[in-house]
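# Secondary and tertiary structure notes
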Amino acid sequence: MSEAQLVEALTAPHKLQYTYKRSVGPVMGRFFTALRDEGKILGVRREDGSVMCPPKEYDPDTAAAISEMVEVGPGGEVVSWAWVSEPRAKQPCDRPFAYALIKLDGADTPLLHAIDCGREDAIRTGMRVTAKLADERVGHITDIRCFEPEA
Amino acid sequence: MRDVAIVAFAQSPSVRSDTQRNEVEILMPVVAEVREASGIPKGEFDFICSGSSDYLAGQSFAFVAGLDAVGAWPPVSESHVEMDGAWALYEAWVKIQMGYADSALVYGFSKCSLGDLPEVMAMQLDPYYQTPLWPDAVSMAALQARQCLETGAVTAEQMADAVVRSRANAKSNPNAQLSGDVDREKLLAEPTFVSPLHKHDCSPISDGAAAMVLVAGEKARQHCERPAWITGFAHIMEPMDLGVRPLTESRSTAEAARRAGVDAAKLDVAELHGPFSHQEILLEQAIGIGSSTDVNPSGGALAANPMMAAGLIRLGEAAARIHDGSAATALGHATSGPCLQQNLVCAMEGR
Amino acid sequence: MADEKGPVEIVQTPVELDYTYTAGQAATRFLKGVEQGKFLGQRCPVDGLVYVASRGSSPKHGVPTGPDTVEVSDKGTLISFSIVRIPSANLSVEPPFAAISVLLDGADSHLMHVLDECPLEEVRMGMRVEAVWLPKDQWTASMQNVTHFRPTGEPDAPFDSYKDHL
């Protein structure tokens with residue numbers, strides 16, 4: 001069809017909604033339960049003795065089943081960060097913030113989460129941050145509301 | 001291994017938002033063009049395979065409607081991957097290697113403009129720990145870029161130079177979305193978008209489609225004057241979680257290139273699918289590309305990035321350099337997943 | 001407290017994404033016809049079949065339909081049906097109701113809709129039906145202009161007249 005023959009096409013808004021509920025299984029189940037009930041962050045010990053947080057049921061290198069849980073954090077170190085100057089509605093903070101990879105104390109792999117520090121010049125790689133928990137916790141990753149610079 | 005060649009390739013222009021056509025209307029002319037170019041009529045392809053994503057289309061089983069563009073009557077042997085069309089090409093190539101087909105039609109398409117693409121891309125992440133935080137695709141890439149910059153794996157100048165090269169090369173590509181002469185220093189001085197990335201470090205959001213035809217054996221010469229013979233084909237993946245793999249190198253690309261038998265010193269052309277400028281550099285490093293190789297003569301993904309087609313377009317652009325005789329050896333690369341999680345390398349030659 | 005709640009076994013991860021759909025050329029032509037109270041089809045250039053609510057291609061031959069449109073009737077033959085008894089939040093009709101496939105007169109593809117003004121036990125293949133439109137002043141470029149189909153009261157269409165469209 002040539003451009004000249006085109007009619008002005010109609011458009012319409014469309015909302016896609018899925019009410020997904022996911023089974024967590026034993027390893028993630030303990031992570032979410034400890035977070036909800038005790039406000040504690042757990043990692044899992046890998047075959048080589050290192051600690052992975054967030055915990056998974058298997059070792060990403062060896063594929064071995066792993067389940068020994070270890071408490072980590074709530075403090076940690078910023079490994080990398082991305083400054084979001086215009087947050088989207090679904091994102092964890094409603095003012096400019098950073099997504100960051102955070103290596104929690106006692107863990108050997110970093111966790112992806114948000115850092116609420118107000119201004120871009122208030123964050124740098126290597127900075128110490130600590131988890132700020134939600135007042136009402138339901139067993140969800142957003143039970144960690146965000147991380148904040150350590151006092 | 002059976003000799004298999006890419007004998008035809010076509011693509012739609014990539015545009016920011018094609019508000020006038022649905023996916024099928026974008027796809028049909030592209031499919032018609034490769035049928036015509038290959039001289040293989042509808043109904044004579046042994047196998048058809050496509051790549052697309054329901055989340056981009058905003059509806060379940062959206063790929064089924066895509067079949068309306070190829071005409072599935074009488075019934076056809078068909079398959080689909082919820083991935084870039086480059087992986088559909090891989091499936092077709094395997095099918096031919098297994099002896100189940102001698103020819104295949106492959107296509108990939110998307111309209112990224114329908115939704116908020118960077119947000120939709122959060123759907124590919126871990127649904128327990130990551131998606132509920134809604135990290136957009138640009139933020140994920142920015143986490144990788146910062147590590148690259150702060151460890152010195154990639155410099156800001158290299159990133160800017162990748163953009164300069166992309167825009168300059170895209171001037172001769174009528175299907176590209178972004179092209180022109182840009183200056184390194186001016187790019188470096190621009191404000192950041194999602195720091196440390198500038199807007200120009202990110203591929204554009206594109207609507208588009210591409211299609212390709214594979215034929216096995218000497219018969220390929222009946223369909224193309226100078227077929228692009230596939231000499232090696234491999235795809236390798238890493239864990240999705242950014243925390244458990246190195247982000248400052250692309251080991252899966254290096255391994256895919258090794259398995260595809262790539263000799264970087266002898267590559268005339270490489271079309272690399274790096275949706276962010278630092279990723280283009282990581283890919284060059286992983287494959288070991290030197291100064292004698294023409295990298296992304298099409299402009300690459302930084303000039304146009306229709307999801308689910310952009311990888312297939314890289315392979316098609318590489319094949320097109322063989323078809324027109326300007327290259328003897330070429331490499332096409334495609335990526336998928338956050339921060340170069342999964343990588344595919346297709347090595348080809350003219351002979 | 002912790003003991004009462006029990007361990008976390010399920011996480012809720014709802015997804016809500018917003019899109020702006022484009023009808024494209026073919027569906028736009030169809031919907032603009034509906035805005036005028038007409039059903040417009042598009043013809044396959046290979047076999048001449050008329051597709052109503054075309055998406056722009058002949059699904060059998062993979063070639064573009066149109067751009068010329070063919071007006072078809074808003075009356076047709078019911079060629080299949082199902083009695084829906086399961087409620088869903090996404091349904092605008094109260095079950096039980098008859099979901100029907102209608103072969104409009106002049107069309108070769110069928111349209112899905114709802115049959116009303118007819119006892120469920122009387123719904124049958126071959127039944128002649130017609131579209132019931134909203135009052136004209138409420139028409140928009142939407143299939144919601146047609147509230148439902150209802151029987152015309154004409155004699156049933158013979159099986160041979162629609163058997164090739166099943």
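Residues numbered from 1 in each chain as written. Chains lettered and ligands numbered in written order. Predicted model: local features only at pLDDT ≥ 70, side-chain atom pairs only at ≥ 80, totals over all residues.

### With respect to the interface of chain C and chain A
Test applied: Residues are scored as being in contact if the C-beta atoms we place from backbone atoms lie within 7 Å. What counts as a helix is a DSSP run of H or I of at least four residues, what counts as a strand is a run of E of at least two, and both are numbered from the N terminus. Gly is placed with the polar residues, together with every amino acid not listed as nonpolar (Ala, Val, Leu, Ile, Met, Phe, Trp, Tyr, Cys and Pro) or charged (Asp, Glu, Lys and Arg). Two strands qualify as a pair provided DSSP detects at least 2 bridges between them.
Contacts between the two partners involve 27 residues from chain C, matched on the other side by 27 residues from chain A. At the level of elements, α1 (2-5), β1 (10-12), β2 (15-22) and α2 (24-35) of chain C are the ones that each hand at least two residues to the side of chain C that touches chain A. The element contributing the most residues to the side of chain C that touches chain A is β2 of chain C, with eight residues. Of the residues that constitute the side of chain C that touches chain A, the class distribution is 15 nonpolar, seven polar and five charged. The pairing of strand β2 (residues 21-23) of chain A with β1 of chain C spans three bridges and is antiparallel.

### Regarding the environment of V44 of chain A
Note that V44 of chain A resides in strand β3 (residues 41-45). Once residues lying within four places of it in the same chain are set aside, the contact partners of V44 of chain A are V27, V51, M52, P55, K56, I66, S67, E68, M69 and V70 of chain A.

### Side note on the sheet that holds strand β7 (residues 69-72) of chain C
Residues and elements named next belong to chain C. Quick reminder of the rule: Here, axes are lines fitted to C-alpha atoms. For helices the fit covers the stretch in contact, and angles between N-to-C directions go from 0 to 180 degrees.
One open sheet holds the three strands; their spatial order is β4-β3-β7, and the pairing between them is antiparallel. Each of the sheet's edge strands pairs with one partner strand only, and the pair in question is β4 (50-52) and β7. Going across the sheet, the axis of each strand differs from the next one's by a mean of 45°, ignoring polarity. In the sheet, strand β3 (residues 39-43) pairs with β7 via four bridges, with the strands oriented antiparallel. Note that in β7 the partner of G41 across the bridge is V70. Set on the sheet, α2 makes contact with β3 and β7; between it and β3 the angle comes to about 150°.

### What about helix α1 (residues 25-38) of chain A?
Filter applied, for reference: Here, expected helix span is obtained from the residue count minus one, scaled by 1.5 Å. In this scheme the burial state of a residue depends on its C-beta neighbours within 10 Å: 20 or more other such atoms mean buried, 12 or fewer mean exposed, and anything in between means partly exposed; the C-beta positions come from the backbone.
Across its 14 residues, α1 of chain A extends 19 Å between first and last C-alpha, which sits within 8% of the 20 Å expected from 1.5 Å per residue. Among the residues making up α1 of chain A, those that are buried are M28, F31, F32, T33, L35 and R36 of chain A. In this structure, the buried residues of α1 of chain A make contact with β3 of chain A together with β1 of chain C. Immediately downstream of α1 of chain A, the backbone of G39 of chain A shows phi near 65°, a positive value.

### Quick notes on helix α11 (residues 277-287) of chain B
Buried residues dominate α11 of chain B, accounting for 10 of its 11 residues. Buried within α11 of chain B we find S277, H278, Q279, E280, I281, L282, L283, E284, A286 and I287 of chain B.

### Some thoughts on the sheet that holds strand β11 (residues 342-349) of chain B
Residue and element names in this part refer to chain B. Taken in spatial order, the 10 strands make up an open sheet running β3-β2-β4-β6-β1-β7-β11-β10-β8-β9, and their pairing is mixed. The two strands at the open ends of the sheet, each matched to only one other strand, are β3 (78-81) and β9 (294-295). The pairing of strand β7 (residues 228-237) with β11 spans eight bridges and is antiparallel. Bridge pairing in β11 places W229 opposite E349. The strands touched by helix α10 (residues 251-259) are β7, β10 (329-336) and β11; relative to β11, the strand with the most contacts, the crossing angle is about 30°.

### What about the nonpolar core?
Spelled out, the test is: Structurally, a nonpolar core is described as a collection of buried Ala, Val, Leu, Ile, Met, Phe, Trp, Tyr and Cys residues joined by way of C-beta atoms within 7 Å. Domain limits in this description derive from either an automatic procedure or a database domain assignment.
In this structure, A98 and I115 of chain A together with A104, V106, M212 and L214 of chain B are the most contacted members of the largest nonpolar core, which totals 168 residues. Counting residues domain by domain, this core receives three or more from each of domain 1 (4-115 + 205-223) and domain 2 (118-202 + 229-349) of chain B. Leaving out residues up to four positions away in the same chain, A104 of chain B has contacts with F45, D46, F47, I48, C49, A92, K95, I96 and L214 of chain B. Grouped together as the second largest cluster of nonpolar side chains are 29 residues, F30, C44, M127 and V146 of chain C included.

### Focus on the confidence of the model for chain B
Our working definition: For every residue, the predictor assigns a confidence score, pLDDT, that lies between 0 and 100.
Considering every residue of chain B, the mean pLDDT works out to 97; 100% of them sit at 70 or more. Both scores are available for the predicted complex, with the pTM at 0.96 and the ipTM at 0.96.

### Here we look at the interface of chain A and chain B
Opposite the 33 residues of chain A that make contact, chain B presents 25 residues. Those elements that place two or more of their residues in the side of chain A that touches chain B are β1 (11-18), β6 (75-84), β7 (97-104) and β8 (111-115) of chain A. Across the side of chain A that touches chain B, the residue classes tally to 20 nonpolar, nine polar and four charged. Across two bridges, the pairing between β6 of chain A and strand β5 (residues 194-195) of chain B is antiparallel. The residue of β5 of chain B that forms the bridge with W83 of chain A is S195 of chain B.

### Details of the environment of A100 of chain A
Within the secondary structure, A100 of chain A is located in strand β7. Apart from the residues within four sequence positions on either side, A100 of chain A is in contact with V78, S80, W81, H113 and I115 of chain A.

### Structural notes on the packing of helix α4 (residues 85-97) of chain B against helix α12 (residues 310-323) of chain B
If you want to describe how two helices pack, look at the angle between their axes and the distance between the axes. All names here are of chain B. It is the contact of α4 with α12, at a shortest axis distance of 6 Å, that shows an interaxial angle of 65°. Seen from α4, the contacting residues are G85, A86 and L89; seen from α12, they are G311, L312 and L315. In terms of residue class, the contact of α4 with α12 is made up of four nonpolar, two polar and no charged.

### Looking at the domain arrangement of chain B
Residues and elements named next belong to chain B. By domain assignment, chain B separates into domain 1 (4-115 + 205-223) and domain 2 (118-202 + 229-349). Relative to domain 2, the C-alpha centre of domain 1 lies at a distance of 22 Å. At the junction of the two partners, domain 1 supplies 33 residues and domain 2 supplies 28 residues. With six residues, α4 is the largest single contributor of residues to the side of domain 1 that touches domain 2. Taken together, the residues of the side of domain 1 that touches domain 2 break down into 19 nonpolar, 11 polar and three charged.

### Re the environment of G325 of chain B
Summarising the element assignment, G325 of chain B is placed in the loop between α12 and β10. Spatially, the C-alpha atoms of G325 of chain B and C202 of chain B are 32 Å apart, while their sequence positions differ by 123 residues.

### A closer look at unusual backbone geometry
A cis geometry characterises the amide bond from W73 of chain B onward to P74 of chain B, with omega recorded as -5°. Tracing the sequence through the fold places P74 of chain B in the loop between α3 (62-66) and β3. The linkage connecting S195 of chain B with the following residue, P196 of chain B, adopts the cis geometry, with an omega of 10°. Examined against the element boundaries, P196 of chain B turns out to sit in the loop between β5 and β6 (207-216). One non-glycine residue, A53 of chain C, lies in positive phi territory at about 65°. Its location among the elements puts A53 of chain C in the loop between β4 and β5 (57-58).

### A look at the pairing of β3 of chain A
All names here are of chain A. Judged by how many residues are buried, β3 sits mostly within the fold: four of five residues are covered. Note that β3 and strand β5 (residues 69-72) share four bridges and pair antiparallel. Residue pairing for β5: I41 is matched across the bridge by V72. Sheet analysis places β3 next to strand β4 (residues 51-52), joined by two bridges and oriented antiparallel. Bridge pairing in β4 links R45 to V51. Turn length for the β3-β4 hairpin, with the two strands adjacent in sequence and antiparallel, is five residues, and the turn residue G49 shows positive phi of about 95°.

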